[in-house]
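Report on the structure
The lines below spell out each chain.
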Amino acid sequence: MSWAVAEDVIGSWIGEGAPDDTGLVLKWVEKAEREVRRKVPDLQARIDAEADEGDTDLLQATVDVVVAMVTRKFRNPESIRQTNVTTGPYTTSKTYGGDLPGDMAMTDDELAKLQGQSGGAYSISMIPSHSPFAVWPL
């Protein structure tokens, strides 16, 4: 089952250079989805459970992540960190961010969204639950 389609990538493109080969875009969508499934194996079951309740937030977040992964690949297909172009006295440069620019990978934030992590801090009580000093829940 596919979460995203080529039109999701093409329709969300900002700026010039939008891809127009839907077949090629779809191949990269499939690659991105395989990577997502590898990193978050229980994702489809959680999407299905949400759908049973009439909720599509996780599905939409998954589409957003897949689109972002494919967009990064299309914007930097050679996985270049930085480019410089000099013409006479003028120089332009572009630096791509991330640990592996142009790679088919999720950012830590994207992975956390799909794994259901809130990203906030938490605490664990070290007092045994049978202790008279235990106050549960905190």
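Let me sum up the structure you'll find in this document. (Residues numbered from 1 in each chain as written. Predicted model: local features only at pLDDT ≥ 70, side-chain atom pairs only at ≥ 80, totals over all residues. Heavy atoms only, no water.)

What follows covers the overall build of the protein chain. The helix and strand inventory of the protein chain stands at five helices and two strands. Helices (α) and strands (β) of the protein chain occur, in sequence order from the N terminus, as α-α-α-α-β-β-α. Relative to its full complement of 138 residues, the protein chain shows a buried share of 27%. In the protein chain, once contacts between residues fewer than 6 apart in sequence are set aside, the share between residues at least 24 apart is 62%. About 9700 Å² of surface is accessible on the protein chain, with carbon and sulfur atoms providing 54% of the total. (Helix = DSSP H or I, 4+ residues; strand = E, 2+ residues; numbered from the N terminus. Buried < 20%, exposed > 50% of the residue type's maximum accessible area, 1.4 Å probe, protein only. Contact = heavy atoms within 4.5 Å. Areas by Shrake-Rupley, 256 points an atom, 1.4 Å probe, with all protein chains shown as cover.)

Moving on: helix 2 (residues 22-39). Its 18 residues place the ends of helix 2 26 Å apart at the C-alpha level, agreeing with the 26 Å of an ideal helix rising 1.5 Å per residue. Buried within helix 2 we find Val25, Val29, Ala32, Glu33, Glu35 and Val36. Down the axis of helix 2, the buried set is contained in an arc of 160 degrees. They therefore lie on one face. Along helix 2, the residues that are exposed and aim more than 90 degrees away from the buried face are Lys27 and Arg38. One side-chain oxygen at the N-terminal end of helix 2 lies 3.1 Å from the backbone nitrogen of Gly23; it belongs to Asp21. (Expected span 1.5 Å × (residues − 1). Arc of directions from axis to C-beta. Polar contact = N/O pair within 3.5 Å; in protein donor to acceptor, adjacent residues only side chain to side chain.)

Bringing the packing of helix 2 against helix 4 (residues 57-75) into the picture now. Where helix 2 meets helix 4, the closest approach of the two axes is 9 Å, and the angle between their N-to-C directions is 125 degrees. Overall, the two elements helix 2 and helix 4 adopt an arrangement that is oblique. Along this stretch, helix 2 crosses helix 4, giving a crossing that reads as right-handed. Contact residues: Leu24, Val25, Trp28, Val29, Ala32, Glu33, Glu35 and Val36 in helix 2; Val65, Val66, Met69, Val70, Lys73 and Phe74 in helix 4. Along the lines of polarity and charge, the residues of the contact of helix 2 with helix 4 split into 11 nonpolar, no polar and three charged. (Axes fitted to C-alpha atoms, helices over the stretch in contact; angles between N-to-C directions. Parallel < 35°, antiparallel > 145°, perpendicular 65-115°, else oblique. Left-handed = near helix turned anticlockwise from the far one by under 90°. Nonpolar A, V, L, I, M, F, W, Y, C, P; charged D, E, K, R; others polar.)

With that settled, consider the nonpolar core. Ranked by internal contacts, the top residues of the largest apolar core, which has 22 residues, are Trp3, Val29, Val36, Leu43, Val66, Met69 and Leu114. Of all the elements in the fold, those that place two or more residues in this core are helix 1 (6-11), helix 2, helix 3 (43-52) and helix 4. In terms of residue count, the dominant contributor to this core is helix 4 (eight residues). Those residues within four positions of Leu114 in sequence are excluded, and the remaining contacts are Val36, Val40, Leu43, Arg46, Leu58, Ala61, Thr62, Val65 and Met106. (Core = buried A, V, L, I, M, F, W, Y, C linked by side-chain atoms within 4.5 Å.)

Right, let's get into the side chain of Glu110. Positionally, Glu110 belongs in helix 5 (residues 108-115). Once you skip the residues sitting within four places of it in the chain, Glu110 turns out to touch Val65, Ala68, Met69, Arg72 and Ala105.

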